[in-house]
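# Notes for the structure review
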Amino acid sequence: MAPRVTAEAAGERQGKLKVFLGAAPGVGKTYRMLDEGRRRLRRGTDVVVAYAECHGRQHTEEMLDGLEVVPRLHRAYRGTTFSELDLDAVLARGPAVALVDELPHTNVPGGRNAKRWQDIDELLAAGIDVVTTVNVQHLESLNDVVEKITGVPQRETVPDEVVRRADQIELVDMPAEALRRRMAHGNIYQPEKVDAALAHYFRIGNLTALRELALLWVAGRVDETLQKYRSEHGIGTVWETRERVVVALTGGPEGETLIRRAERIADRSSGGDLLAVHVARSDGLAYASPAALARQRALVESLGGSYHSVVGDHVPTALLDFARAENATQLVLGTSRRSWFSRLVAPRGIGEDTVELSGDIDVHMVTHERAGRGQRLSIPGRQLPHARRIAGPVAGLVLPFLLTAVLTHIRGPLNLTSEALLFLATVVGVACLGGVVSALLASLTASLLLNYYFIPPSREFTITEANNALALAVFALVAVTVAALVDRSLRLSRRAASATAEAETLSSMAGTILRGDQGVSVLLERTRETFGMASAELVPRAEQEPGTEAEEEAEGLVKVPAGPDRLLVLRGRRLPASEHRVLTAFAAHLAAALDHARLMEAAAEVEPVKAADRLRTALLAAVSHDLRTPLASGRAAISSLRSTDVDFTAAERSELLATAEDSLIELNRLVDNLLDMSRLRAGALSLHLQPTAFADVLPLSLATLAAAPVRIASRGLAEVCDVLADPPLLERVIANLVTNAVRHSGAAESVLITASAMGPRVELRVIDRGPGLRPEDRDRIFVPFQRLGDRDNTSGLGLGLALSRGLAEAMGGTLSPEDTPGGGLTMVLSLRAATAGDAMEAVEAD
């Protein structure tokens, strides 16, 4: 859906939208809408009824008393007159509030908008407040779910975003039993329709399921409003309005176990949410397998949860910041995979720190098969934890003395070289434990002890032999070099780990775009989550007032350019320089998404013009050739009949009249095909689906054809059930298919039409014994304005099959070619079998 240009963007007041959302017909949405209008009228507000559909319900019609009603616009279509919302009249009247019923309604072709919600957009843009109604089954995201529940497809839908952006959404709720009582008392449908409605659509199970869908959808909308309020007011504490379970993923093998455990916790509370989060660390302390994270992400999404990636140097803080930002109530972590030796060196781990800092968030520590078995892949050069930074210098002082004490007792079998190597090994061990400072301290201590106790003369800080002096110098040089190399390794590994974390974060953003979630609002939310900020927005540079660095730091404000005319503004915390690099890349993605949105909008505006131009060009080329033959034949026949120079016999006059009639029939068929194809391309073809029998439609289809040179037979049409179709359009489809089969059949051949049931669908086959079709041409035959070398290239626009497929798909069916056994082509038309619910809807529509 293209972005709206709002009244605010144009410097004008934007109207406010209020939606009454119901679970099913008859819950009282229109009544509540009119009651809202009367309430506002009593307060002195200028209110008009722009469109209200009372369906003959007395109590609802009484609510119109005292309200100004804008006369409806009457528009003729296909021989019937329909009443519609008169948008221009309402705009000219300019009320403060307009009451507009049936938000998802499809307008009769001929107006400037295809849908009523687009009319409402114009009213809002004009500064008029609108109160409207919609049922949950008409929401686009729930359309397929509702069809599975009720068995009735909803042909009129409205995008969720249209309803979601309403300023107010009020649920009109009613228990299933109460709604059935209203139905039984005749307060919803006419008495003759009540029994069928109660037995099908208005069953207890259907109504209960629809009610739950409506409640959950509105709860989600309320939750979005709550999150926005918490963000705007800087509320960081958890409000336990509903259970939200966050599971922390490291990319390790225990991830799937944690996800399933978290899902079970969320399932225990109805409507609980599952969120998975991975913290990309810049210090590389946690190893993450991209492949494992991808599998775990797919598992989370298959369970109905959502996956998130955030950046943080301190994992417990990053996890809890994310959980509080999402108003989570529970956090699931796996027990540590660190080995006993790692626990000995550094007793506290991520789990312990998280529990200590969790506050009002419940933390679940889940055991798993990898617990205590060590990291799957060790990463050298980690940033030293606090315990090792203390243990290193202590070891640098203590270990050389311990080694000296040991060597003084066993000095007999060892010489100076062996003793120096043992001291060197000690220094290297201290360097690996505590870094360069600890290694230098150990090197100095070891050198002094080696000189005093083991280099002659003993017990003195003097050296008498040159070799001993050289050995001590080499020892000190090697110790310092090893310490420097260890320190450099630490720094390089930290840089590599930081780059890996940045790449992982950018990969997550790229994955979001590749999956199609490239909307600016989605990317902004992803940016906010990733950096743990309170809010993220794009603002024009001209509107952003410059501030000092001190002011921005005090407000936790971060600004990054996102294109030549926009700034990405985040509020929440101060970002380190390493995260600024990643944020700059995110801003570049957002700038690209904005440019993409602008280009898509421009392309969407141009594409209809290009399509219309292509269609017009092809149409003119085809019309100039294909309409000429029936026109010329008909004109010649009529001119001959009007001629006074020739005295025709009765048989000759009959033949000329037949020629003129056939030409006019062919001309009428070609023109009808052109008009219907134009409507299909423009999306203006109106459908009236109802249960239809093939046996009833076939005679009408054959009656519209000229005398066929081959025999046409049918079989099995009366034995199959009705299909859901528009009878006139189905008649056209069958006529085109039979015409195509006749054209390709020889004089001694016949065309057979059969019907059979295939599960929930019914298939009609039009079988000919003509030359058949090459496999590579099976799709090309449905392209308009081509005939693939038909035997008769002098008539026909090549529209018959293209139009037939378009009409079949518009009716929810399919049209496909098959090879006829023994030679020839079979066109298979598949339509959905009609149900009792379809019959009820058809009666209601009438």
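As a starting point, this report considers the structure included with it.

Reading the values: rules and limits
- Residues numbered from 1 in each chain as written.
- Predicted model: local features only at pLDDT ≥ 70, side-chain atom pairs only at ≥ 80, totals over all residues.
- Heavy atoms only, no water.
- Pairing = 2+ DSSP bridges.
- Helix = DSSP H or I, 4+ residues; strand = E, 2+ residues; numbered from the N terminus.
- Axes fitted to C-alpha atoms, helices over the stretch in contact; angles between N-to-C directions.
- Salt bridge = Lys/Arg side-chain N within 4 Å of Asp/Glu carboxyl O.
- Buried < 20%, exposed > 50% of the residue type's maximum accessible area, 1.4 Å probe, protein only.
- Contact = heavy atoms within 4.5 Å.
- Core = buried A, V, L, I, M, F, W, Y, C linked by side-chain atoms within 4.5 Å.
- Arc of directions from axis to C-beta.
- Phe/Tyr/Trp six-rings, centres within 6.5 Å; stacked < 30°, edge-to-face > 60°.
- Lys NZ or Arg CZ within 6 Å of the ring centre and 35° of its normal.

### Focus: the sheet that holds strand 16 (residues 566–571)
- Strand order in the open sheet formed by three strands is 14-16-15, and the pairing between neighbours is antiparallel. On the outer flanks of this sheet lie strand 14 (535–540) and strand 15 (557–561), each paired with one strand and no other. The average angle at which neighbouring strand axes cross in this sheet is 25°, direction not considered.
- Across six bridges, strand 14 lies against strand 16 in antiparallel orientation. Bridge assignment links serine 535 to a residue of strand 16, and that residue is arginine 571.

### Quick word on the pattern of salt bridges
- One pass over the structure, following the stated rule, counts 19 salt bridges.
- In this structure, the salt-bridge partner of glutamate 36 is arginine 40, at a minimum N-O distance of 2.9 Å. With glutamate 36 and arginine 40 both in helix 1 (residues 29–42) and four residues apart, the pair spans about one turn of that helix.
- When the shortest N-O distance is used, the salt bridge between arginine 112 and glutamate 122 registers 3.1 Å. Of the two residues, arginine 112 is situated in the loop between strand 6 (97–100) and helix 4 (116–125) and glutamate 122 in helix 4; the sequence distance between them amounts to ten residues.
- Residue arginine 112 is classed as partly exposed on the basis of its relative accessible area, which comes to 49%.

### Concerning the sheet that holds strand 10 (residues 273–280)
- The strand order 11-10-9-12-13 describes an open sheet built from five strands, whose pairing is parallel. Looking at strand neighbours, the two that pair on one side only are strand 11 (306–311) and strand 13 (362–366), the edges of this open sheet. When strand polarity is set aside, the average angle formed by the axes of neighbouring strands in this sheet is 25°.
- Taken together, the five bridges between strand 12 (residues 330–334) and strand 13 define a ladder with parallel strand orientation. In the strand pairing of strand 13, leucine 331 is matched with valine 363.
- Together, strand 12 and strand 13 form the strand contacts of helix 14 (residues 350–357), whose direction differs from that of strand 12 by roughly 165°.

### Observations concerning the nonpolar core
- Of all hydrophobic cores here, the largest spans 63 residues; its most connected members are Leu99 and Phe202.
- Ignoring any residue separated from it by four or fewer positions in sequence, one finds phenylalanine 202 in contact with Pro25, Leu179, Arg180, Met183, Tyr189, Ala197 and Leu207.
- Within the second largest apolar cluster, 37 residues are counted, among which are Val710, Ile734, Leu825 and Leu831.

### Topic: helix 5 (residues 143–150)
- Among the residues of helix 5, those classed as buried are Asn143, Val146 and Thr150. Summarising the axial view, the buried residues of helix 5 lie within an arc of 65°, below the 170-degree limit, and thus occupy one face.
- Positive phi appears at glycine 151, one or two residues downstream of helix 5, with a value of about 75°.

### Describing the packing of aromatic side chains
- With the rule as written, the count across this model stands at zero aromatic pairs.
- In this arrangement the basic side chain of arginine 72 is found over the ring face of tyrosine 51, its NZ or CZ atom lying 4.0 Å from the centre.
- Sitting over the face of the ring of tyrosine 51, arginine 116 holds its NZ or CZ atom 3.9 Å from the ring centroid.

### Quick look at the side chain of threonine 354
- With respect to the helices and strands, threonine 354 occurs in helix 14.
- For threonine 354, the contacting residues outside a window of four places in its chain are Pro316, Leu320, Leu331, Leu333 and Val363.

### Examining the pairing of strand 20 (residues 750–758)
- Both strand 18 (residues 711–715) and strand 20 contribute to a ladder of five bridges, which runs parallel. For isoleucine 712, the partnering residue across the bridge sits in strand 20 and is valine 751.
- Examined bridge by bridge, strand 20 and strand 21 (residues 761–767) share seven bridges and lie antiparallel to one another. The residue of strand 21 that forms the bridge with alanine 757 is valine 762.
- Connecting strand 20 to the antiparallel partner strand 21 that follows it, the hairpin turn spans two residues, and glycine 759 within it adopts a positive phi of roughly 65°.

That is the geometry; function is a separate question.
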